[in-house]
Amino acid sequence: MAKPLIEIDHVDMVFTLPDGQRYPALKDIHLEIHEGEFVALLGHSGCGKSTLLNMVAGFLRPTAGGVVLRGRQVTEPGPDRMVVFQNYSLLPWKTVYDNVALAVRAVFPRLSKAAQHQRIQTALEQVHLWGAQHKYPAQLSGGMQQRVAIARALAITPQVLLLDEPFGALDALTRGSLQEELMAVCQTVGMTCLMVTHDVDEALLLADRVVLLTNGPNARIGQILKVPFPRPRSRHEVVHHPSYYTLRQQVVDFLQQQRRRRAVAVRSAAGTGTRKVAVGFLPLTDCAPLVVAQAEGIFAEYGLEVDLCQENSWADLAEGVLSGRLQAAQMLAPLPLALAVGCQDQPPQPALKVPLVLSRNGNGITVSRALYEQGVTDVAACKDYIARTGERLVLGVVHPASMHNLWLRYALASAGMDPDQDVELVVAPPAQMVYHLEAGHLHGFCVGQPWNTYAERRGLGKCISTSLDWWAGHPEKVLAVHRGWANDHPDLEVALVQALMRAGERCDIPKQRPAIAELLSRPEYLHLEPDLIRPGFAEPLATESHYPRLHQFAVGQASSPLPAEGVWILTQLARWGLTPLPQNWWEVVHTIYALDVFIQAAQALGRPDTIPERRQFALADGVLFDADNPLAYLEQFPIRRAIDYRTVCLVEREESPCVP
Amino acid sequence: MASRMLVQQRRVPAWMQHPLVRKVGLGFVGVLLFLLVWQLLVLLGLLKLPAPTQVFADTRELILHPFYRGTGNDAGIGWQILFSLRRVALGFSFAAIVGVAIGMVIGASPLLYDAFDPILQVLRPVPPLAWLPISLAAFKDNEPAAVFVIFITAVWPIIINTVVGVQQIPRDYRNVARVLRLSKWDYFWHVMVPATVPYVFTGLRIGIGLSWLAIVAAEMLIGGVGIGFFIWDAWNSSLISEIVIALFYVGLVGLVLDRCVAYLGKFITKGSEV
């Protein structure tokens, strides 16, 4: 990949308040912006997004880390990073022309008068204000004034345009037309832009990537969404794009989650020094061990006061544990590994560790009723369907670093389809999949139970495969704990693992399952009819005879983390360009998988404490995976992205900086 | 509502509601009333001053021949006022130049501001006449001493308002200048001066008012020539009517000066509704 134009390199910002207290506004922000890219910073007000912009502009110096533009560190403001301010910042004693001229003359003093004039005129023509050049700002409307400010910025051809809520003060109608104008101008010039906004639709319309910041203090990048709409864009096309609503929902969910966060943070802060643990989960059948441990008092037996926090999405959960709001969480098996090696251009973040596998299997692929009736009865049939209709199928997965995504991609690629080109994969939280299927945003999805059954029961879709068809016994959900918390509370960590191991064993007793389904159906957990939860869990799934293997919790040492499986996950993340493939793959897996904690807990319970020393295995397709040679395994796949094979530094930055 | 408004309109003719007519007319009525009350008070013996009719009779010459020239200090009231104005012009010009310059420097530097703010705060409330002895001691001459008093009286509000003006330059303008890396000169000329002008003119207006206040008092003490001395001289000669007419002129000139500076300010900041 080309060198980024701007690198915001592990930036911290701490403000000293007037009363001498220190307020940590931003924490460890890492973001790379490439030439021609439009990046939107989104977050609640006061989260530090303008602070971040001001650091790129050079108005503020970060407390730690730095901003690099084309290989040079930013130390002061300059015309190569022109800013468009929210309140226009035109000089009221100068005409429109003179406002632009002041900038042009300051930046290009050697240019001839005629050339300067040409620049000014071109810029004003771009924003359709040539003709009003002799007016004073006070004679113009707010929208026109902001157009002058944009023209002033364009006239000096900066390397990057920084926009600080540029349309925040305008009425909706003006804002709409200015957004389209800005988009058109940036597209023709190929301008790199960084924009701060709190308008979700504005971000999705304009940006190539939306960077979501968590709430301060210590605001971090919570999530980065790629906006896949093709350019040139128009508002109409964007709004009617199949993935618009799933993306929008993701952003809105994130923002809502951030709003709730403060209350929870206060609650969990009160619990320091006690045996309180905030554990996050998502409403799915395979959260059963957590629910059972809570409801049947197993946590309490180990002296834990567990606060089960239901979250909206996997990204929220990961953010929750990383920020310390949650101490532990049910998590997608690939997610801690992906964070550790740096997912989607984020820096490596080995802050989570995995002492336990919570569940295996349990996912299904469902296609819409219409698709099924047109003969898409398995994944391979998608190929014929696409060839026949030319339709671009939109399929939902729950997170980029999920077994769902890896499975769906694996299955599509095995059937000769490129998951990035032949179909479109979009991310949506599990509980919203059926809604998106019903609304027609999705043609199908890969999701955990009970949502496949739910779609079927509502007559919206048909489950065409379960993950048993792909890899019987794949690790699905793991327990992820925050490394810092675990270091401070090793006893609580082991107690948590013990409690969940016992709860898992309970969940694997077939006789117990109807009662557990009943338990899961409660409003505080899944809030669904037990009828919907039982298939595949307490009774065979309609199309399957696999019951009860569709959900495994403890049987056959299901709960032990197997390093070889971790390596396999790393290969697949790298296969689709989500992460680099670490040269130090064993180190990565052994750092994340806390086998010592697992063994300690197993010993305390008197369970088998040996981790199977399995280095080779095969999925249902019979292709042998050798964990000692992941690159060779990857290279035999004809459909894959370029592999970024490199050593990943796992040291947490605060302790000792990693020199490349 | 509508019927009530109609009734009101019928009571006052439209031409009388014209703002100019209203202002001038009512002002005229006010003056007349004032003179009437004055006249009455004198007639009733409650006020031991010449009545307005008496004043007009006594000062006919002065009003008709303001630029009369006699010998020595004997000159018409117009000349006296011009002399005073000359001193004010001199002192005030110095004060404007020095005050704006110092104000810009102090306003632009928080360091200098902190250093000089105490001095400003202490010297600002010193009454103009308190400066007279020290300036006489310093200059050993009446004329420069009087000009200095004008200067020192007018300079504080000019400095302080300029400082505030510079400090109040909106952060956005400064940010724009920083992003564009404007040269010091460009920043001064294109941003700082225009942004500060309204504040400077507020200071100048206060300054000119104070100058005019100070000159009358100073001239009473210094003697020689000028409207202040004229008043003092009239008092010594018990020409109360002359004092009254002189006071009227002093007020009038003060008003004109204030309006001139205000108009100049409006003219210069034209187009920039700051």
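Everything here concerns the structure above.
Residues numbered from 1 in each chain as written. Chains lettered and ligands numbered in written order. Predicted model: local features only at pLDDT ≥ 70, side-chain atom pairs only at ≥ 80, totals over all residues. Heavy atoms only, no water.

Colleague: Please explain the overall build of chain B as it appears in this structure.
Modeller: Check the secondary structure of chain B and you find 12 helices and 0 strands. Put simply, chain B runs from its N terminus to its C terminus through helices and strands in the order α-α-α-α-α-α-α-α-α-α-α-α. Counting only residues that meet the buried cut, chain B has 38% of its 274 residues in that class. Counting contacts in chain B only where the partners sit at least 6 residues apart, residues at least 24 apart contribute 67% of the total. Of the roughly 16400 Å² of accessible surface on chain B, a fraction of 70% belongs to carbon and sulfur atoms. (Helix = DSSP H or I, 4+ residues; strand = E, 2+ residues; numbered from the N terminus. Buried < 20%, exposed > 50% of the residue type's maximum accessible area, 1.4 Å probe, protein only. Contact = heavy atoms within 4.5 Å. Areas by Shrake-Rupley, 256 points an atom, 1.4 Å probe, with all protein chains shown as cover.)

Colleague: Looking at this structure, how should I read the overall build of chain A?
Modeller: Helix and strand content of chain A: 25 helices and 24 strands. Burial status across chain A gives 60% buried among its 660 residues. Within chain A, contacts between residues separated by at least 24 positions form 74% of all contacts whose residues are at least 6 apart in sequence. Entry remark: accessible area of chain A is about 24600 Å², with carbon and sulfur atoms responsible for 50%.

Colleague: Sorry, what's going on with the pairing of strand β18 (residues 444-448) of chain A here?
Modeller: Consecutive side chains along a regular strand alternate between the two faces of the sheet. Residues and elements named next belong to chain A. Most of β18 sits out of view: 5 of its 5 residues are buried. Direction of pairing for strand β15 (residues 363-368) relative to β18: antiparallel, over a ladder of 5 bridges. Counterpart to valine 367 in the pairing with β18 is glycine 444. With 2 bridges joining them, strand β16 (residues 393-397) and β18 adopt parallel strand pairing. By the bridge assignment, leucine 395 is partnered in β18 with glycine 444. (Pairing = 2+ DSSP bridges.)

Colleague: Looking at this model, I keep getting lost on the side chain of His404(A). Mind explaining?
Modeller: All names here are of chain A. Within the secondary structure, histidine 404 is located in helix α15 (residues 403-414). With a relative accessible area of 1%, histidine 404 lands in the buried category. When sequence neighbours within four positions are dropped, the list of residues in contact with histidine 404 reads Leu332, Asn363, Val397, Val398, Cys446, Val447, Gly448 and Glu476.

Colleague: Which parts of the structure should I look at to understand the pairing of strand β13 (residues 328-332) of chain A?
Modeller: Residues and elements named next belong to chain A. Among the 5 residues in β13, 5 count as buried, and that is most of the element. Covered by surrounding structure in β13 are Ala328, Gln330 and Leu332 together with Ala329 and Met331, the residues of both alternating faces. As judged from the 2 bridges shared by strand β11 (residues 276-281) and β13, these two strands associate in the parallel manner. Residue glycine 280 lies in a different strand from β13, and its bridge partner there is alanine 329. Here β13 runs beside strand β20 (residues 475-482); their pairing, made up of 5 bridges, is antiparallel.

Colleague: Please clarify how the state of the cysteines should be interpreted in this entry.
Modeller: Working definition: the covalent bond between the sulfur atoms of two cysteines is a disulfide. Applying the stated rule across the entire model yields 0 disulfides over all chains. Residue Cys507(A) stays outside any disulfide, its sulfur separated by 9.2 Å from that of Cys287(A), the closest cysteine. (Disulfide = S-S within 2.5 Å.)

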